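Take a look at the letters that make up each chain.
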Amino acid sequence: MSDNAVPLADTAWALPSLATLAQVDEYFDFLASAGYDQVWLSYFSLGGLDIPNTNGDVAARLRNGQFDLSEAYANQVRAILDRAEQRGLGVGMVAMWGVSYLNDLTSGACVVNEGPLRASNAEGLGVQLDELIGDHPAIEMWILGGDNWCDFTQDQEDPQVWANLSAGLRHDGSTIPVAYHTPGTRRGQQKFINEPWLEIVAAQTGHCVPTTYMRLELEALLKLTDKPVIAAELRYEAIAPTFTDCPAHGPDDPVLPDDVIDDVRGALQMGVDGIVYGHSERWQWGLGSDGSGGLGWPSVKSSLGAPGERMMLEYLANTPTPDPLVPQPPDIYGESARPTVGQAPLEVAFEVYSSDINGDARYVRWTHGDGTVSFGTHLFHTYENDGVYEAYPEVFERETNVVVRGESITIFVGDENNPEPEPEPEPEPEPDTVKPESSIGRVVIDGKKFQISGTATDDVGVRAVRVRIRDNETRKFWHNKQREWVDGRKWNSAKLDSRKATSTLWSFPFSHRVARGSGDYTVIVSAVDLSKNFAAKPWDSMNFGPAVP
């Protein structure tokens, strides 16, 4: 165990499927010398069951709806675990990455709960994982979940999947603790915290969230549970996410070293039980933050000892206890009243959201404007008489003896006090009848590998581009996920440079060596727009392949 204030882990989720053992040795040497306690890995590839490791072994096959794990792949994982143990590193092992395996992502969009991992096969998966690697002393926790951002409402994910998987991992009495890696929203962070199988909350606060709001999210979570809470995915250093809801860190505004140290300091001050670092070039083993491209190991190697990482390591090694919180006044970051217009007696629901970096030593008083006051963050008040009232909240912080007043909200009661008539309903938007367009621009040949690319356009925005590869001799179609030729007219998903844009480039890799087809192929492409309109026929097509002159 290091001298860090709390256990420190690094994330290299994709290492088991993409790294050679020589690369693992060099990477683990760095972690051990730098002062890390753990490394968090994903047993399965983040890209699907059919992605082989560097020995050419896939992790598992689906047979009659059940997982059949490969012993050869497991032996490679055990060799990785051996190397961690030799250097005194513990491993947090993701049993199966939630967003990739709970959902069907093949169309380029999330089809929730239609992935290969189901409640019906989760326990059997857990049993096999336990039998293949569960006895290894390097594994310090099993990690379930895995950033399931597909479940946008955070109420569709089935806890029985994880309950069954946990039962399988412990079928022979194993005592390795089980954590749940959450989605990066406050509601997501609080998922399943009362489930008996969940022993550690691995809270992901997200890559778009500045330190102030990260503190608020951890504060809310820590109030709800006595289970250990790990800051399991703070903002990754150097990441510049292209999420549409991430204005703070877009492509031209990456996460900086100061952001890294601010997050670590803030998480410690909130009282977390562990810190998990991440780097943009490391979590997918050099594939880049969008999951494709990149330089692989050279990118990983160049990220070791990044500026923010060095600052974090020095801070944790020299900070046996968190920095004390400097008393500060509370902060009101939202208030609301609903409804604000109506007839007497009018019942209004008042809410206020406030934070206190020093803890929860605060209380809220609402002044309703009719001569009455109420106390509480969420309450109801009834206006008995017609009139115009100004209501506002005040947050009192006991430690600093400071009062902060929120914004006033005007309440209109009675017809004469209605500020304006009810607005006319907005007209229904015109249906989107314009179909997207797509074209094939080129096929680049590198030996027996082909990079097929082109453009797609739409007046509303491009949702996905579908690619169909036909073997002109056998008349079969390539199934990219299964890595085999099938009789049905199979569509595969291309990678978009700018999803939801009105114009984007797309690309699709195809390997003649892997496919082992005739060499005479036709590629057909069709786009889908945000209104789910499909490109009109005839779709663009092109012949290619080593047998095509």
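Parameters at a glance
- Residues numbered from 1 in each chain as written.
- Predicted model: local features only at pLDDT ≥ 70, side-chain atom pairs only at ≥ 80, totals over all residues.
- Heavy atoms only, no water.
- Pairing = 2+ DSSP bridges.
- Helix = DSSP H or I, 4+ residues; strand = E, 2+ residues; numbered from the N terminus.
- Axes fitted to C-alpha atoms, helices over the stretch in contact; angles between N-to-C directions.
- Parallel < 35°, antiparallel > 145°, perpendicular 65-115°, else oblique.
- Left-handed = near helix turned anticlockwise from the far one by under 90°.
- Contact = heavy atoms within 4.5 Å.
- Nonpolar A, V, L, I, M, F, W, Y, C, P; charged D, E, K, R; others polar.
- Salt bridge = Lys/Arg side-chain N within 4 Å of Asp/Glu carboxyl O.
- Buried < 20%, exposed > 50% of the residue type's maximum accessible area, 1.4 Å probe, protein only.
- Arc of directions from axis to C-beta.
- Polar contact = N/O pair within 3.5 Å; in protein donor to acceptor, adjacent residues only side chain to side chain.
- Expected span 1.5 Å × (residues − 1).
- Patch = residues over 30% accessible without salt bridge, like charges linked within 9 Å, V, L, I, M, F, W, Y side chains within 5 Å.
- Areas by Shrake-Rupley, 256 points an atom, 1.4 Å probe, with all protein chains shown as cover.
- Core = buried A, V, L, I, M, F, W, Y, C linked by side-chain atoms within 4.5 Å.
- pLDDT = per-residue confidence, 0-100.
- Phe/Tyr/Trp six-rings, centres within 6.5 Å; stacked < 30°, edge-to-face > 60°.
- Lys NZ or Arg CZ within 6 Å of the ring centre and 35° of its normal.

What to know about the pairing of strand β27 (residues 503–511)
Judged from the nine bridges that link them, strand β21 (residues 449–457) and β27 form a sheet pairing that is antiparallel. By the bridge assignment, T455 is partnered in β27 with L505. As defined by bridge partners, strand β26 (residues 495–496) adjoins β27 across two bridges and the pair is classed as antiparallel. Residue pairing for β27: L496 is matched across the bridge by W506. Here β26 hands over to β27 after six residues, with K500 in that stretch at a positive phi of 75°.

Here's the deal with the packing of helix α2 (residues 21–34) against helix α3 (residues 71–86)
Here α2 crosses α3 at 25°, and the two axes come no closer than 10 Å. Considering their axes alone, α2 and α3 lie roughly parallel with respect to each other. Between α2 and α3 lies a crossing whose hand is right-handed. Residue-level contacts link L21, V24, D25 and F28 of α2 to Q76, A79, I80, R83 and A84 of α3. Class assignment for the residues of the contact of α2 with α3 results in six nonpolar, one polar and two charged.

Focus: the pattern of salt bridges
Per the counting criterion, the structure on display carries 19 salt bridges. A salt bridge links D259 to R235; its shortest N-O distance comes to 3.9 Å. You can see D259 sitting in helix α9 (residues 257–270) and its partner R235 sitting in the loop between β9 (229–233) and α9, a full 24 residues away along the chain. Residues D259 and R235 agree in their burial class; the two are buried. Measuring nitrogen to oxygen at the nearest pair gives 3.4 Å for the salt bridge that ties R338 to E351. Here R338 is found in strand β11 (residues 331–338), whereas its partner E351 is found in strand β13 (residues 346–355), with 13 residues between them in sequence. Here the salt bridges share partners, and the residues they tie into one network are D25, D29, R83 and R87.

Describing helix α11 (residues 307–317)
Along α11, the residues that are buried comprise G308, E309, M312, L313, Y315 and L316. When α11 is viewed along its axis, its buried side chains cluster within an angular range of 165° and face the same direction. Tucked into the core, α11 has its buried residues touching β1 (8–11), α2, α9, β10 (275–277) and α10 (297–303).

Concerning the pairing of strand β8 (residues 200–204)
Most of β8 sits inside the fold, with five of its five residues counted as buried. Side chains I200, A202 and Q204 of β8 all project onto a buried face; the interleaved residues V201 and A203 project onto the opposite face, where all are buried too. For strand β7 (residues 178–181) and β8, the ladder comprises three bridges, and the chain directions are parallel. Directly across from H181, in β8, lies its bridge partner A202.

A closer look at the side chain of D259
Judged by relative accessible area, which is 16%, D259 ranks as buried. One polar contact links the side chain of D259 to the main-chain amide nitrogen of L256, over a distance of 2.8 Å.

Here's the deal with helix α8 (residues 211–224)
Between the first and last C-alpha of α8 there are 20 Å, a value that for 14 residues agrees with the 20 Å anticipated at 1.5 Å per step. For α8, the complete set of buried residues consists of T211, M214, R215, L216, E217, L218, E219, A220 and L221.

Brief notes about the environment of G92
Among the structural elements, G92 can be located in strand β5 (residues 90–94). The exposure class assigned to G92 is buried, which follows from its relative accessible area of 0%. Along the primary structure G92 and I143 are separated by 51 residues, whereas in three dimensions their C-alpha atoms are 6.4 Å apart. When sequence neighbours within four positions are dropped, the list of residues in contact with G92 reads V39, W40, L41, M141 and I143.

Examining a nonpolar patch on the surface
Together, Y363, V373 and F375 line one region of the surface with nonpolar side chains, adding up to about 300 Å² of accessible area. Residue placement: F375 occurs in strand β15 (residues 373–375).

Quick look at the environment of A391
Mapped onto the elements of the fold, A391 is located in strand β17 (residues 387–397). A sequence separation of 19 residues divides A391 from T372, and the C-alpha atoms of the two residues are 10.0 Å apart. Here A391 is in contact with F350, T367, H368, Y383, E407, S408 and I409, once residues within four sequence places are set aside.

Considerations on the packing of α8 against α9
Where α8 contacts α9, the two axes come as close as 9 Å, and the packing angle between them is 25°. By the angle between their axes, α8 is roughly parallel relative to α9. Taken as a pair, α8 and α9 cross one another with a handedness that is right-handed. Of the residues in α9, those touching α8 at T211, M214, R215, L218, E219 and L222 are D259, D262, D263, G266, A267, Q269 and M270. Considering only residue class, the contact of α8 with α9 consists of five nonpolar, three polar and five charged.

As for the nonpolar core
Nonpolar side chains in soluble globular proteins generally cluster together in the buried interior. If you look at the biggest cluster of nonpolar residues, it comprises 101 residues, and the most contacted ones within it are Y43 and F44. If you look at the next biggest cluster of nonpolar residues, it comprises 21 residues, including V462, V467, I469 and F508.

Considerations on the confidence of the model for the chain
Residues with a pLDDT of 70 or more make up 87% of the chain, whose mean pLDDT is 86. Counting contacts from residues 288–292, a segment whose pLDDT is below 50, to residues more than four positions away or on other chains yields eleven contacts.

Thoughts on the packing of aromatic side chains
For the structure shown, the criterion picks out 24 aromatic pairs. Seen from their ring centres, F350 and W366 are 4.8 Å apart, and the 45° between their planes marks the pair as tilted. With F350 in strand β13 and W366 in strand β14 (residues 362–367), the pair connects residues that are 16 residues apart, well separated along the chain. Exposure class is identical for F350 and W366. Each is buried. These aromatic residues form a ring-pair network of at least three members: F450, W478, W485, F510, Y521 and F544. Sitting above the plane of the Y392 ring, R405 keeps its charged end 3.5 Å from the centroid.

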